[in-house]
Amino acid sequence: MSDALTILGLESSCDDTGAAVVRGQPGKAQVLSSVVEGQTSLHAAFGGVVPEIAARAHAERLDDVVRQALSQAGLGLRDLDGIAVTAGPGLIGGVMSGVICAKGIALGAGLPLIGVNHLAGHALTPRLTDGAVFPYLMLLVSGGHCQFLLVRGPDEYRRLGGTIDDAPGEAFDKTARLLALPQPGGPSVEAEARNGDAKRFRFPRPLLDREGCDMSFSGLKTAVLRMRDQVMEGNGLRQQDRADLCAGFQAAVVDVLAEKTRRALALYLAENPAQPMLAVAGGVAANKAIRAGLETVCADMHTAFTAPPLALCTDNGAMIAYAGLERFARGERDDMTLAARPRWPLDRSSAGMLGGGRKGPKA
Ligand code: KG4
Ligand code: ZN
């Protein structure tokens, strides 16, 4: 590949410090290395990500994570064509840590700097993992995001809908906390749900009666709290009660995501009938019941389904390096005035919509 580009990518917008090297061209690139250092233990005592602790940990760890990524790729700074960095949206202190680190490396090594929208990193991952061709529909579901994006090009997105309050991962984490299960809540709730009866408790399916593909998950958390308290007032919370609550909660999330995906796909297919494809990204996409629900919808609607490997679904530097590669290949560069942005909607026309999650409304 004579015009292959080699890009280093940095990610530090929430609680994962990531650095990775990606090489190739748009639609045809490979991950040479990807190092992600999580901060779960640093925030464990606080019941959520503490922005100041996250920012400091990123600042302290970024240089070493970059060193590891370069060494695993067997490359030095002189082998790179550019350095890409998440410039938002996210927790501002962490984003600033990454941007400052990337500027330092770019300045010191004389490399071009490319600022990347974190959401574009997620949205373009199917191009890196599967060589996906534009357009496609993307469902981004994590602890910080929940939205349907029509991806038309590396800088062309339309938001078809999303959560109006919490992200689903946040609801899984809260449910785990209410039931004294370990964090992150998604995997623990999923494991409990396997032994539970999803029909014992009647959980709401928020916004299913409303048209369109906006979603809401905050009411589900409240429902878990109410039902847990009712059970506790009775015979106390037993193992089976916990499993049944998890199963009921998860079934509600699956139903909401599946039905809203059906609607988003219908909107997407009306405009793009020749390109039936749904891609998912984000930590919640690891959930087998959710994946199965989405696969059923896609099968019913004759649509291809793709989910990147988990390490590339959750926050990582490789998706940032790849999104940077797409920008770089189009001749786009940033300079030392690149600013960190706490909010940065991909679809400028829906900038005013909520799309929260634990990082706040930002997309
Ligand atoms: O994408 P991610 O690593 O970070 C951001 O939130 O940006 O996603 C983490 C979220 C957490 O809320 C976690 O509980 C959830 O993804 N998660 C899951 C599962 N694995 C991780 N949710 C449901 N089921 C899972 N198996
Ligand atoms: Zn993310």
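Structure: see above.
Since the model is a prediction, treat every value here as computed from it, not as a measurement. (Residues numbered from 1 in each chain as written. Chains lettered and ligands numbered in written order. Predicted model: local features only at pLDDT ≥ 70, side-chain atom pairs only at ≥ 80, totals over all residues. Heavy atoms only, no water.)

1. Observations concerning the coordination of the zinc ion (ligand 2)
For a metal with four tetrahedral donors the ideal donor-metal-donor angle is 109.5 degrees, while six octahedral donors give ideal angles of 90 or 180 degrees.
For step 1, the next point in the chain: Looking at the zinc ion (ligand 2), one finds its protein donor set to be His118 (NE2), His122 (NE2), His145 (NE2) and Asp315 (OD), positioned 2.1 to 2.6 Å from the metal centre.
For step 2, the next point in the chain: Considering all four donor atoms around the zinc ion (ligand 2), the spread of angles at the metal, 89 to 164°, places the coordination shape in the irregular class.
For step 3, the next point in the chain: Within one chain, the residues donating to the zinc ion (ligand 2) are spaced in sequence as H-x3-H-x22-H-x169-D. Of this pair, His122 sits in helix H4 (residues 118–130) while Asp315 sits in the loop between helix H10 (310–313) and helix H11 (317–329), and the two are 193 residues apart along the sequence. Residue His122 shares its accessibility class with Asp315, and that shared class is buried. (Donors = N, O, S within 2.8 Å, 3.2 Å for Na, K, Ca; no water. Tetrahedral: all angles 85-135°; square planar, octahedral: opposite > 155°, others 65-115°. Helix = DSSP H or I, 4+ residues; strand = E, 2+ residues; numbered from the N terminus. Buried < 20%, exposed > 50% of the residue type's maximum accessible area, 1.4 Å probe, protein only.)

2. Some points on the site of ligand 1
For step 1, the next point in the chain: Around ligand 1 sit 21 residues in total, of which Gly143, Asp173, Gly186, Glu190 and Gly283 are the nearest.
For step 2, the next point in the chain: Gly143 has a polar backbone atom sitting 2.7 Å from an oxygen atom of ligand 1.
For step 3, the next point in the chain: A distance of 3.0 Å is found between an oxygen atom of ligand 1 and a backbone nitrogen or oxygen belonging to Gly186.
For step 4, the next point in the chain: When ligand 1 is considered free in solution it has 550 Å² of accessible area, and contact with the protein chains removes 91% of it.
For step 5, the next point in the chain: For the shell around ligand 1, the secondary-structure elements that each account for two or more residues are helix H5 (168–178) and helix H6 (185–193).
For step 6, the next point in the chain: If you tally residues by element for the shell around ligand 1, the top one is H6, at four residues. (Near = heavy atom within 4 Å. Polar contact = N/O pair within 3.5 Å; in protein donor to acceptor, adjacent residues only side chain to side chain. Areas by Shrake-Rupley, 256 points an atom, 1.4 Å probe, with all protein chains shown as cover.)

3. Digging into the pairing of strand S1 (residues 5–11)
For step 1, the next point in the chain: Of all seven residues in S1, seven are buried; the element is thus mostly enclosed.
For step 2, the next point in the chain: Here S1 shows a buried face lined by Leu5, Ile7, Gly9 and Glu11 and a second buried face lined by Thr6, Leu8 and Leu10.
For step 3, the next point in the chain: Bridge count between S1 and strand S2 (residues 16–25): seven bridges; the pairing is antiparallel. Paired with Thr6 across the strands is Arg23, a residue of S2.
For step 4, the next point in the chain: The loop that links S1 with its antiparallel partner S2 comprises four residues.
For step 5, the next point in the chain: Sheet analysis places S1 next to strand S4 (residues 82–88), joined by four bridges and oriented parallel. The residue of S4 that forms the bridge with Ile7 is Gly82. (Pairing = 2+ DSSP bridges.)

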